[in-house]
Amino acid sequence: MAQDNLNRDQATARIRAAVTQDLLSGRISLLLGWQKGLFWWRSRPLFARSQQDLERLVWDSFCAVNLSRYLPEELSIEERVGILVKGCDARAFHRLLQDRMLDRERVLLYGLPCPGMLDYRLLAEAGVKEAEQMLEEGEELVIQTGGGEERRPRTDFLLEKCRLCSHPDPVVYDQLLLPPGEPRMDPASRFQDLEARERPTPAERYAYWSGELQRCLSCYACRQVCPACSCRECFAEQQEPRWLGKGAGLNENMLFHIIRVYHGAGRCIECGECQRACPVGIPLLELSRRLAKDIEELYGPYEAGMDPEAPPPLLTYRPEDPAAFPEK
Amino acid sequence: MSEALKGKGADNGGTAAGVGGSRSSGSGNGAWQPLIVAFCCNWCSYAGGDLAGTSRLSYPANVRVIRVTCSSRVNPLHVMRAFQRGADGVLIAGCHPGDCHYTSGNYHARRRFSIFARLLEHAGLEPERFQVRWISSSEGDRFAEVMQEMTETIKALGPNERWVDPRWLKIT
């Protein structure tokens, strides 16, 4: 990949130089980026207002958080916001733009072609517990285990959302800070893995999803991070009518997730933030992707967040549309 | 919603009890009877139901009709709520494509509920339990037929167990 000419420290330095200039000159009043979190395998959002803040900026293999989700709130207090965008952040930006949650003129997008972010769970399974045990060399990870050194391709450790990503390069930006990468996944074949995971009978599907969803804590993190969840009042907290109670029960958990996924139908950019944010590891992305696949089958190819002018499939129709139920 | 759930058209006495009552083995003649909630659009399908009634056509009393302004008025949450509170099948009926009183409501409904039907299928519901049909105001016979057919399909499937909220089943 072209960006390997720069290592991560050099890339971070280049990003920092570009944004420092704009922040100091007053072109932007806030920069949304990433900084190291409590753990080495976590990079959390950085809200930088000064040069001092920018010293904490990082661009490493754990910058998975989709920053665009923070834009609507920040724009309500800031004049002009700069934001670092990967492929999924850029599509989320389009999503929010299309939902009229943002003012394009007040956002400055710095594009970062994304090499894919790493999943700590997979690293831990391979025996990596500390940052020192893992060294990135281009497309390979050098892993120190008790027995010695092991070289594994970086792609083995990507987050699921990154493994399936068909647009790692930002689809919209004002300035591209790093050289573009190569596409990893052809958009037309992005659902192939779902066929392999097909569960043939309703009973099997119900057993699978009730098993997964009964772990749900109703923390609503999946909704909080979702760039397609834009209701001012979520049905989950609506009082009149009250759709969900306060207790956690399987039927209410399933109701919440079914409706949450449905609200994103045709609008979900498949960024997989729901799944990454889930504290109990429910494979939430799968349901959204199955729905996206159905929409493509019935109403033609559509990738949300690619073109803000293209209407989402469930907000439009054609008289000759097919239906998933018998019409006569 | 309870008022609308009283049902209309066909003879409503005896066989099926109120919401959730379909499950209690003690009601009526003792045999399990399915409960089907049918959301009917005011302009076509509900009028079709009226025609079935005035034409003296009979259809099973298991069907409870809820009149909505348009098939696209139905919120998927309404469908989920029906299942939670003991419905064994849910039907949405609207005008035939092209005949919508609001020009495009049923076109939107067609896309929405095609996708929603697929979603319920992915989550493990038997596809027969959630149906969408187009019934015009002149199709009283079709209305009776659709209700008959749906009732038979659900009877064959047995009681719905997905997403049922046990708190509601106590109410008989």
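Calculation notes
- Residues numbered from 1 in each chain as written.
- Chains lettered and ligands numbered in written order.
- Predicted model: local features only at pLDDT ≥ 70, side-chain atom pairs only at ≥ 80, totals over all residues.
- Heavy atoms only, no water.
- Phe/Tyr/Trp six-rings, centres within 6.5 Å; stacked < 30°, edge-to-face > 60°.
- Helix = DSSP H or I, 4+ residues; strand = E, 2+ residues; numbered from the N terminus.
- Buried < 20%, exposed > 50% of the residue type's maximum accessible area, 1.4 Å probe, protein only.
- Lys NZ or Arg CZ within 6 Å of the ring centre and 35° of its normal.
- Domains from an automatic or database assignment.
- Buried area = accessible area lost by both parts, 1.4 Å probe.
- Salt bridge = Lys/Arg side-chain N within 4 Å of Asp/Glu carboxyl O.
- Polar contact = N/O pair within 3.5 Å; in protein donor to acceptor, adjacent residues only side chain to side chain.
- Nonpolar A, V, L, I, M, F, W, Y, C, P; charged D, E, K, R; others polar.
- Pairing = 2+ DSSP bridges.
- Axes fitted to C-alpha atoms, helices over the stretch in contact; angles between N-to-C directions.
- Contact = heavy atoms within 4.5 Å.
- Left-handed = near helix turned anticlockwise from the far one by under 90°.

Student: What am I meant to see in the packing of aromatic side chains here?
Tutor: Where two aromatic rings form a pair, the distance of their centres and the angle of their planes describe that pair. Across all of its chains, the model carries 18 aromatic pairs over all chains by this definition. Taking the centre distance of 4.0 Å and the plane angle of 10° together, the rings of A:Trp41 and A:Tyr120 count as stacked. Of the two residues, A:Trp41 is situated in the loop between β1 (30–36) and β2 (43–48) and A:Tyr120 in helix α5 (residues 120–125); the sequence distance between them amounts to 79 residues. By relative accessible area, which is 19% here, A:Trp41 ends up buried. Among the aromatic residues, ring-to-ring pairing joins A:Phe39, A:Trp40, A:Trp41, A:Phe62 and A:Tyr120 into one connected group. We note B:Arg111 situated over the ring of A:Tyr299; from NZ or CZ to the ring centre the distance is 4.2 Å. Lying over the aromatic face of A:Tyr206, B:Arg162 brings its terminal NZ or CZ to 4.3 Å of the ring centre.

Student: How do you make sense of the domain arrangement of chain A when you look at a structure like this?
Tutor: Reports often express the size of an interface as the amount of accessible area lost when the parts come together. All names here are of chain A. Domain boundaries assigned for chain A yield domain 1 (5–117 + 167–176) and domain 2 (187–315). When each unit is reduced to the centre of its C-alpha atoms, the spacing between domain 1 and domain 2 is 26 Å. When the two sides are added together, the surface that domain 1 and domain 2 hide from each other amounts to roughly 1,700 Å², 52% of it contributed by carbon and sulfur. The largest share of the area that domain 1 buries against domain 2 comes from Arg69, Arg91 and Arg95, three residues that together contribute 39% of it. Measuring nitrogen to oxygen at the nearest pair gives 2.6 Å for the salt bridge that ties arginine 267 to aspartate 99. The interface formed by domain 1 and domain 2 holds 14 residue pairs in polar contact (both at pLDDT 80 or more) in total. When the residues that make up the side of domain 1 that touches domain 2 are grouped by side-chain class, the tally is 7 nonpolar, 4 polar and 4 charged.

Student: Where do I start with the sheet that holds strand β7 (residues 148–153) of chain A in this structure?
Tutor: Through backbone hydrogen bonds, the strands of a sheet pair up, either in parallel or in antiparallel fashion. All names here are of chain A. Here we have 3 strands laid out as an open sheet, ordered β5-β6-β7, and antiparallel in their pairing. What marks the edges here is a single partner per strand, and that holds for β5 (134–137) and β7. Strand-to-strand, the axes of this sheet are offset by a mean angle of 25°, without reference to chain direction. Bridge count for strand β6 (residues 140–145) against β7 is 6 bridges, and the pairing is antiparallel. By the bridge assignment for β7, leucine 141 is matched with arginine 152.

Student: Just checking my understanding: could you explain the interface of chain B and chain A for this structure?
Tutor: Taken together, the 40 residues of chain B in the interface contact 41 residues of chain A. Summing both sides of the interface, chain B and chain A together bury roughly 3,800 Å²; the carbon and sulfur share of this comes to 62%. At the boundary of chain B and chain A, one finds 5 salt bridges. With a closest N to O distance of 3.1 Å, A:Glu252 and B:Arg167 form a salt bridge. At the boundary of chain B with chain A, the tally comes to 19 residue pairs in polar contact (both at pLDDT 80 or more). At the level of secondary structure, the elements contributing two or more residues to the side of chain B that touches chain A comprise α2 (76–84), α3 (105–122), β4 (130–134) and α5 (166–169) of chain B. Among the residues making up the side of chain B that touches chain A, the classes are represented as 18 nonpolar, 8 polar and 14 charged.

Student: Help me understand the pattern of salt bridges in this model?
Tutor: Opposite charge on two side chains permits pairing when their charged atoms draw close. Residue and element names in this part refer to chain A. If you walk through the whole model with that rule in mind, you get 39 salt bridges over all chains. Here glutamate 286 ties to arginine 197 by a salt bridge, and the two come within 3.2 Å at their closest N and O atoms. Of this pair, glutamate 286 sits in helix α12 (residues 284–299) while arginine 197 sits in the loop between α7 (192–196) and α8 (202–213), and the two are 89 residues apart along the sequence. Given a relative accessible area of 1%, glutamate 286 falls into the buried group. For arginine 197, a relative accessible area of 29% puts it in the partly exposed group. One salt bridge in this structure joins arginine 276 and glutamate 273, with 2.7 Å as the shortest N-O distance. Taken together, the residues arginine 276 and glutamate 273, both in helix α11 (residues 273–277) and 3 residues apart, mark about one turn of the helix. Given the relative accessible area of 27%, arginine 276 is considered partly exposed. Here glutamate 273 falls in the buried class, since its relative accessible area comes to 1%. The structure contains a network of salt bridges with shared partners spanning Glu160, Asp193, Arg197, Glu198, Arg199, Glu286, Arg289 and Arg290.

Student: When you look at the sheet that holds β1(A) in this model, what are you seeing that I'm missing?
Tutor: All names here are of chain A. The 5 strands are arranged β2-β1-β3-β4-β8 in an open sheet whose pairing can be described as mixed. The two strands at the open ends of the sheet, each matched to only one other strand, are β2 and β8 (175–176). Sheet topology note: the strand β3 (residues 81–85)/strand β4 (residues 107–111) ladder contains 5 bridges and is parallel. Across the sheet, the residue bridging to glycine 82 is leucine 108, located in β4. Across the sheet, helix α4 (residues 87–98) is in contact with β1, β3 and β4; its angle to β3 comes to roughly 130°.

Student: Before we go on, may I ask you to explain the packing of α2(B) against α3(B) in this structure?
Tutor: Each pair of packed helices can be summarised by the angle the axes make with each other and by the distance between the axes. All names here are of chain B. Where α2 contacts α3, the axes come no closer than 11 Å and their chain directions differ by 35°. Crossing of α2 over α3 shows right-handed handedness. On α3, the residues that touch Pro76, Val79, Met80 and Phe83 of α2 are Phe113, Phe116 and Leu120. Taken together, the residues of the contact of α2 with α3 break down into 7 nonpolar, no polar and no charged.

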